[in-house]
Amino acid sequence: MKIVILNTSKRVAIIPNDARDMINNGHEVFVESSAGDESLFYDEDYKKCSIFDLNTINDIGPNVVIGVKISKSDLIRIANSLREPCTFIFAKIDDFEEIEIDVKSSFVAFSLDMLPRITRAQDMDVLSSQNNLLGYVAAIKACELSQKVMPMMNTSAGRIHPAKVIVIGAGVAGLQCIATFKRMGAIVYGCDVRENCKDEVESLGAKFFAIPSKIELSGGYVTEISQSDIENQRNLLRDHISDADIVICSALIRGKVAPIIITKDMVKSMKNGALIIDLAIEHGGNCELSQNGITKFGKITILGSNDLIDNIANEASKMLSKNNMNFLQYLFNTGYFDSLETHEFEQKLNEDEILKCMYKLCKTAD
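Conventions and cut-offs
- Residues numbered from 1 in each chain as written.
- Predicted model: local features only at pLDDT ≥ 70, side-chain atom pairs only at ≥ 80, totals over all residues.
- Heavy atoms only, no water.
- Pairing = 2+ DSSP bridges.
- Helix = DSSP H or I, 4+ residues; strand = E, 2+ residues; numbered from the N terminus.
- Axes fitted to C-alpha atoms, helices over the stretch in contact; angles between N-to-C directions.
- 1 Å grid on protein atoms, 1.4 Å probe; cavity = no way out; pocket = protein on both sides within 12 Å on 5 of 7 lines; lining within 4 Å.
- Points joined across faces, edges and corners; volume = space filled by probe spheres on them.
- Nonpolar A, V, L, I, M, F, W, Y, C, P; charged D, E, K, R; others polar.
- Parallel < 35°, antiparallel > 145°, perpendicular 65-115°, else oblique.
- Contact = heavy atoms within 4.5 Å.
- Polar contact = N/O pair within 3.5 Å; in protein donor to acceptor, adjacent residues only side chain to side chain.
- Buried < 20%, exposed > 50% of the residue type's maximum accessible area, 1.4 Å probe, protein only.
- Left-handed = near helix turned anticlockwise from the far one by under 90°.

**Regarding the sheet that holds strand β12 (residues 207-210)**
The strand order β12-β11-β10-β15-β16-β18-β17 describes an open sheet built from 7 strands, whose pairing is mixed. One side of each edge strand has no neighbouring strand; the edge strands of this open sheet are β12 and β17 (293-297). Strand-to-strand twist across the sheet, computed as the mean angle between neighbouring axes with direction ignored, equals 20°. Relative to strand β18 (residues 300-304), β17 runs antiparallel, the two sharing 5 bridges. Pairing of Thr-295 across the sheet is with Ile-302, part of β18.

Next up, the structure:
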């Protein structure tokens, strides 16, 4: 098979060691020029691979195209530039649900962030691997931006009290954030609408805010939360936030705009020098005032960022590459690629517990 690795992020989808393994297994691997530069994997590291320019992708005639993230329009543009049908694999495809069905070239697109949270899909779970690192980086970034010292210190000038940190959303990123702050010695509070998060938060040494709510879950993800529950969350957090030094927002509802949990009035109540880091900004943000980048609201600093993980692109790429390799192997093991030859792949996709959640089949108009 001909496998193409695109340059779509500071992270790279397949690192050189894994690319060599694919070549040793009989595949041809093509890497877009400079695809790994930002993650410290350079073209010369892909010694056994062919380096190409994106303008010449059609000359390769790839069977599989792998990247980190891509917009719907760019995906369709690349697909339409190819003469033969292709399989696309990305960690995230923006506007995945809205991909047009009628296009010039047929293709199957997999967005790994739609992977169901089940046991046998764990080694392909890009959300978990990347969000784990994101939570760590968010805590480190908070230390850089905040003027507050994390641990308690007894000094010759007296005692420095530890920072008070609130983490909203106890998913993978939130839990790693909590763990990192606790290692630094901060006083940490975790908050989530899922009651089963309480034990996980407390096991890390943090205090948990219980928010009575009626939510809908699908595969471990929150899929629906009522406005009244959001109001309950705001009311519960209001007093705590006013005394917080750092607030990390990571609350998401799968497939929907992120809920606004921190309002403008709540930000006004925060003390001078407080910091908010909104990790949900890509989905609208949990803070009403969040924008992409650093903004100031009075004496409060707000960082809305969806690319913090790029600060450790090398480690993130290693984990992402392993997820992608495991997913490729899963496609081989399930007979997906064989089904392409017999034109039975659509049935294969719909019958598979994992694949049916994360693909888009785009066909040419008749």
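**What about the layout of surface pockets?**
Reported here for the second largest pocket is a volume of approximately 500 Å³. As for the second largest pocket, its lining consists of 21 residues, of which Pro-85, Cys-86, Leu-340, Glu-341 and Phe-345 are closest to the centre. Residue composition of the lining of the second largest pocket, grouped by class: 11 nonpolar, 5 polar and 5 charged.

**A look at the packing of helix α4 (residues 126-145) against helix α9 (residues 313-333)**
Packing of α4 against α9 leaves a shortest axis separation of 9 Å and a crossing angle of 170°. Taken as axis vectors, α4 and α9 run roughly antiparallel relative to one another. Across from Val-126, Ser-129, Gln-130 and Leu-133 in α4, the residues of α9 making contact are Glu-315, Ala-316, Met-319, Leu-320 and Asn-323. In the contact of α4 with α9, the residues fall into 5 nonpolar, 3 polar and 1 charged.

**Remarks on the side chain of Ser-146**
The topology assignment puts Ser-146 in the loop between α4 and β8 (153-155). Within the structure, Ser-146 has its side chain in polar contact with the backbone nitrogen of Lys-148 (distance 3.0 Å). The residues touching Ser-146, leaving out its near neighbours within four places in the chain, are Ile-246 and Leu-275.

**Here we look at the pairing of strand β15 (residues 246-249)**
It is a general feature of regular strands that their side chains alternate between the two faces of the sheet. Of the two faces of β15, the one carrying Ile-246 and Ile-248 and the one carrying Val-247 and Cys-249 are both buried. Where strand β10 (residues 164-168) meets β15, 4 bridges bridge the pair, whose relative direction is parallel. Counterpart to Ile-168 in the pairing with β15 is Cys-249. As defined by bridge partners, β15 adjoins strand β16 (residues 275-278) across 4 bridges and the pair is classed as parallel. Each residue of the ladder has a partner; that of Cys-249, found in β16, is Asp-278.

**Focus: the packing of helix α1 (residues 16-24) against α9**
Packed helices, taken two at a time, are described by the angle between their axes plus the distance between the axes. Two numbers describe how α1 lies on α9: the axes approach to 10 Å, and their chain directions differ by 20°. It follows that α1 is roughly parallel to α9 by the angle criterion. Crossing of α1 against α9: the hand is right-handed. Listed contacts from α9 to Asp-18, Asp-21 and Met-22 of α1 are Ser-321, Lys-322, Met-325 and Leu-328. Across the contact of α1 with α9, the residue classes break down as 3 nonpolar, 1 polar and 3 charged.

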